[in-house]
Every structure is written in C-alpha cells, then in structure tokens.
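These are the residues of each chain, in order.
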Amino acid sequence: MANPTATRSAQTTAGRADASLGAGSLSRTEWLLVTGLTAASAVVNLADLASRSLWNDELHSALIAVHHGISLWSAITADGGNMMLYYLLLHCFVALFGGGQLALRVPSALAGVGLTPVIFFLARRMFGSQTAAIATAIVAVSPALVLWNQQARGYALGTLLIALSLLALLRAFEFPRRRRWCLYGVLLVLSIYTLAYVALFVVAQWLALAFWPRARRQAKPILTVAGVATLAYMPLIALTLRTGAVGILTANAPPSTTEGIHILEELTSGVAPDFFAVTLLSGIVTVIGLLCFVAAGAELLSRVRRAPGELETVCLGTALSWLFVPLLLDTIFSLAYRSIFNSSFLLQSVPAGAMVVAFVFAKLLPKGLSLAFTIGVVALLVAALVPTYGISYEQWSQASREIRNASRPGDCLTVNKPGVASNLAYYFSLEGGARAAPQLVLPALTWSDALDPTFSEPASGGSPATVASFCNRLWIVINRVSPAQVMHLDVELSRLRQRGYKLKTVSRFVPYSGFYIYVAVLVR
C-alpha cells in the first residue's frame, strides 16, 4: 500500500514544479512602484544626451543613418549586417528629427527606459514582487547599462529585445498558445537582426529551461522556433561571405585576465569598463555583486538536491544561465576561432546580474538587512553614475570646431586613418558644411566623400610631404595611433621640415576617459 504522506509530498512537489508563472495582476502599489522606477530611469537615461561629443563608434552609426537607398543598404551590410535593425530604425528617426547628437542618441535611451518595466514584469514572474522591485531599481540606475543606453549604438535595443524574448518564452510555457510562440519567434528574429551574436543568449535561455518538466513537454514549438532562428541567421551569413566582412570578429583582442575582470565588473552593474575605470564606489558594488553570484549559485545547488523541478529553482537557474552561459560560450568561441571577448558583447547579461543580486537580497537575507543592502547598493550606483555625465569619450565636436574656427583659405588637412576624416566630416556637415574647413588632401577625397562610412583611402594616396606641396598651412589630425603609425608619422614630419614646414601650434583633446585627438598645424 502506498504511503499517503509520501504521495502528498510528491503531489505537492509536482504542483510546485508545474505552478503557474507570475503572481496575477499588479496591485496599485506595484503599478505606482514600476511607474516611479520607469520615470527615474527616464531621467537618468535622457539626461545630458546632447552636450557630449559623439565618439568613433557612434559616428559610424551616424554616418550610416544619414544615407538613403542603395547607399544606406551598402553601409548597413558592409560589416555583415550586424545591428541591421538598429540602423534602419535610427535612419527613420534621423529622417524625422535630423542627424544631431540628441536625435542620434534618443532611440537607444528610449530602449533603456523601456527595459526598466520589462525587467520588473520578468523578475516578478520569476521571483515575486520584492525581487522585481530590487532588480528594477538596480537596472534603472546601473552605470553599466545607462552609459551604453546613452550611446548611438544598438546594444540597448538588443538588451531590451533579449529581455522581452525571455518574458515571451516564459509566457509561452505558462499558457501554450500558437500566438505566444509566434511572438517569441518574432522577438528572437528581431534580436538576431539587432545583434548578430545574440545566439549566445538564446542558448542560455534554452539550456536552463530544458531542466523544467513543463518545458520538456513543449519540445515541438521550441524546435520550430530553433529552426526559424537558424533560417534567420542564413542571410547574415550570406552577407558576411558576400562582402568579405567579418565585422565584430576582427576588432577584439584575444581573451585576457584583464578583460575578464572588466566583464565581471560590468555584470555586477557597477561600471561600464569600455568608458570608465573602476572607482571605490563601483568597486564596492562589484564585490557585493560577486558575493551575491556565489551565494545564488550555492542556493541553486542546494535547491536542485531538494526539489530540482520547483518553479523558483528553475527560474534561479534561468537567471544564472543568462548571466554566465554567454560568458562561457564567448570564451570558448574566442579561444577556438576569433575573439569576441569584450565587455560590450556581454552587456545583455547585466539585467540577469541585477536579478540574481535582487534574489539574494529578497530571498536569502532578513527583511531589515535586505532593505539596508538595497538602499545602499542603489545609492552607490547613483553616486558612481553622476560623475559620468558631461564627459565625452572622444572630443570630436571640440576638435572639429577648433579646426573650422582657426582655418584659413588655402589650408590643407591630413589624417592618420580614413575614419578620422569621416568623423570630422560629420561635424563639419552638422555645423554648416565644409566650406570653412581645410581642404582634405590625404586621403585625397572631398569632405562629402568622407561622409560615406564605407569609403577607404585610395591605394596611391601619397604622403603628407608630397600631397601638401601647394599648401601654406597643413593641419594634421591623429587619433588611435598604433606604434607603427607613430614611427611613420615621425618620418613624415622630418620630410615636412625639410620642405620648409615648421610646427606652429599643437592641441590635444584628452578626455577624462577614452582616446585623445591630436591636432597640429604646420606653417611654411
């Protein structure tokens, strides 16, 4: 005869394993909370968008967005189609509101604001209201997210779509309907065409939920969506092969301990290491975050032994998978093929880090201590975020303004790489055209040509000493110089001195954090 107690225990465990996701409709207090946190997110994400100069990668987005027709398509597909959807949306936004700094950054900022309520609904569905409130507060003011949300790049949109796709996936498991699976598939495809490397995060979603009994019963729709995602990647692969572009696969250094530390700093929400170094405040947040990751991992192992199919156990595994599986896959791919080991490619795991920290605060700490830690961490994040406003990563706006204001008729200008000419061309066009700017002699193109993000320097461009023979004054603009270029520039400066040029003025545009721009004027 079966043991009634054991039977009831098994039924209870099964009930918890198949429990409905979510906690019903939001209460008035929850609506007020999510509205307030979203408003706070809007303030920190939309503040100071127009005053800071665009930097190199943002200027690449700007140069793509201002084009039309075939030129636009050529620019979008030049690097294999990465961020394709973002560039198309940015192009539409620029067509409506112009191509200034504010208009270029607003779409990403709005995506960052939109992420805030999405994380609330996602964390609430996984862990309950208290965890959701803490996670949303962290996401709303996280320097790691806010700094990227304020850039004219596609990372913020990609983060939003990945979070939405996980929310849609959980809802599809909760109430299996064709329209829910279709919505999940659509969000997945949109994510792929926003960030080409989104497969790292999709695998993390599927891997964790494969251990949930309810998910295993939905194998057919999951396999269908997987097939759709595979087909969605085919055009991107074809574009990469056709254009010969490897885009994101060539711009990163091999995996290193230093970059690994930067990634962990980012995942804890404390800092965006691509823009700012760790401070004491963000360092404290990083330590607290790492301790929470360890505590959450230990709690997951304990729960797996006790009740592996319990809903909250599965959700905790999902959050930790979203946090660490992309990092693991990124490392393996970077070591085995080509490096994508860079903190910007793992930014989309930062919301998962916030949810894991929130889980530890809400579920593993006493109520009073949980409140104290939440207030303390949010205060530290705000204190770390405030000093980042008003600081340009690269000062192209200031450099181009000085060149235009000090330029004289007959002046010439040369750069150390084609991208420098493109960056200057954008600001010259934004500030009333290039008529007052020096003539671009190296590369030997017009400033209008330099606005094309796909242009490259002519093979027979010559050297500054030869092409500037008719110039009375020669401007030299240098940015992101390699050691080989330093040696080459020293040789060219010697040749210019032999032709009668003398160094008159030097301006160095050195940001608090980022790459400097060196502007020199030689007079004959």
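Every residue gets a number counted from 1 within its own chain, in the order that chain's sequence is written. Where local features are concerned, this predicted model is filtered to residues with pLDDT of at least 70; where side-chain atom pairs are given and counted, the filter is 80 or more; whole-chain, interface and lining totals use all residues. Hydrogens are left out, water is left out, and the side-chain values use all remaining heavy atoms of the structure.

*Asks:* Please provide a residue-by-residue account of the overall build of the protein, values included.
*Replies:* When you go through the protein residue by residue, the secondary structure sums to 23 helices and 5 strands. This radius of gyration counts C-alpha atoms alone. The globule rule is 2.2 Å times how many residues there are, raised to the power 0.38. Its C-alpha radius of gyration of 26 Å places the protein within 12% of the 24 Å reference for a compact globule of 524 residues. With the principal axes as the frame, the protein shows a C-alpha extent of 105 × 50 × 40 Å. Going through the 524 residues of the protein one by one, you find that 54% of them count as buried. Restricting the contact set of the protein to residue pairs at least 6 apart, pairs at least 24 apart contribute 79%. Exposure was quantified through the Shrake-Rupley algorithm and a 1.4 Å probe, taking into account, for residues, occlusion by the shown protein chains and nothing else. For the protein, the accessible area works out to roughly 22300 Å², and carbon and sulfur atoms hold 66% of it. Charge assignment in this entry is limited to Lys and Arg as positive and Asp and Glu as negative, and neither His nor the chain termini are counted. Taken as the charge centre is NZ of Lys, CZ of Arg, CG of Asp or CD of Glu, depending on the residue. For the protein, the distance from the average site of its 38 positive side-chain charges to the average site of its 24 negative ones is 6 Å. Here a helix means four or more residues in a row that DSSP labels H or I, a strand means two or more in a row labelled E, and each is numbered from the N terminus. Buried means the residue's accessible area, taken with a 1.4 Å probe over protein chains only, is under 20% of the maximum for its type, while exposed means over 50%, and partly exposed covers the values in between. Contact criterion: two residues are considered in contact whenever any of their non-hydrogen atoms come within 4.5 Å of each other.

*Asks:* Can you break down the state of the cysteines residue by residue, with the values?
*Replies:* Count a disulfide wherever a pair of cysteine sulfur atoms falls within 2.5 Å. Inspection of every chain in the model, using the stated rule, returns 1 disulfide. Shown here is the disulfide that connects Cys 412 with Cys 471, its sulfur atoms set 1.7 Å apart. Taking the sign of the S-S torsion, -85 degrees for the link of Cys 412 and Cys 471, the bridge is left-handed. Here Cys 412 is found in strand β1 (residues 412-415), whereas its partner Cys 471 is found in the loop between α22 (464-467) and β3 (473-479), with 59 residues between them in sequence. For Cys 412, a relative accessible area of 0% corresponds to the buried category. On the basis of relative accessibility, which here comes to 0%, the residue Cys 471 falls in the buried class. Looking at the unpaired Cys 292, the closest cysteine sulfur is the one in Cys 315, lying at 18 Å. On the basis of relative accessible area, Cys 315 is assigned to the buried category, the value being 3%.

*Asks:* Residues and numbers for the pattern of salt bridges, please.
*Replies:* Side chains carrying opposite charge are able to pair once their charged atoms draw close together. Only one rule defines a salt bridge in this text: a Lys or Arg side-chain nitrogen within 4 Å of an Asp or Glu carboxyl oxygen. On inspection of all chains with the given rule, the structure shows 10 salt bridges. The residue Arg 105 makes a salt bridge to Glu 58 at a minimum N-O spacing of 2.8 Å. Of this pair, Arg 105 sits in helix α6 (residues 101-127) while Glu 58 sits in helix α3 (residues 56-65), and the two are 47 residues apart along the sequence. Judged by relative accessible area, which is 3%, Arg 105 ranks as buried. When the shortest N-O distance is used, the salt bridge between Arg 495 and Glu 492 registers 3.2 Å. On the criterion of helical spacing, the pair formed by Arg 495 and Glu 492 is a turn pair, its members being 3 residues apart in helix α23 (residues 483-498).

*Asks:* I'd love a proper account of the packing of aromatic side chains, names of residues and values included.
*Replies:* Only the six-membered ring of Trp is used, alongside the rings of Phe and Tyr, when aromatic pairs are assigned; centres must lie within 6.5 Å, and planes under 30 degrees apart are stacked while those over 60 apart are edge-to-face, with the rest tilted. Inspection of the entire model under this criterion finds 23 aromatic pairs. Look at Phe 120 and Phe 121: their rings are 5.9 Å apart centre to centre, the planes differ by 85 degrees, and that puts the pair in the edge-to-face class. Note on Phe 120: relative accessible area 0%, which makes it buried. Where Phe 276 meets Tyr 512, the ring centres are 6.1 Å apart and the plane angle is 35 degrees; that geometry is what we call tilted. On the criterion of sequence distance, the pair formed by Phe 276 in the loop between α14 (257-267) and α15 (280-306) and Tyr 512 in the loop between β4 (502-509) and β5 (517-523) is long-range, its members being 236 residues apart. Phe 276 gets classed as buried once you look at its relative accessible area, which sits at 12%.

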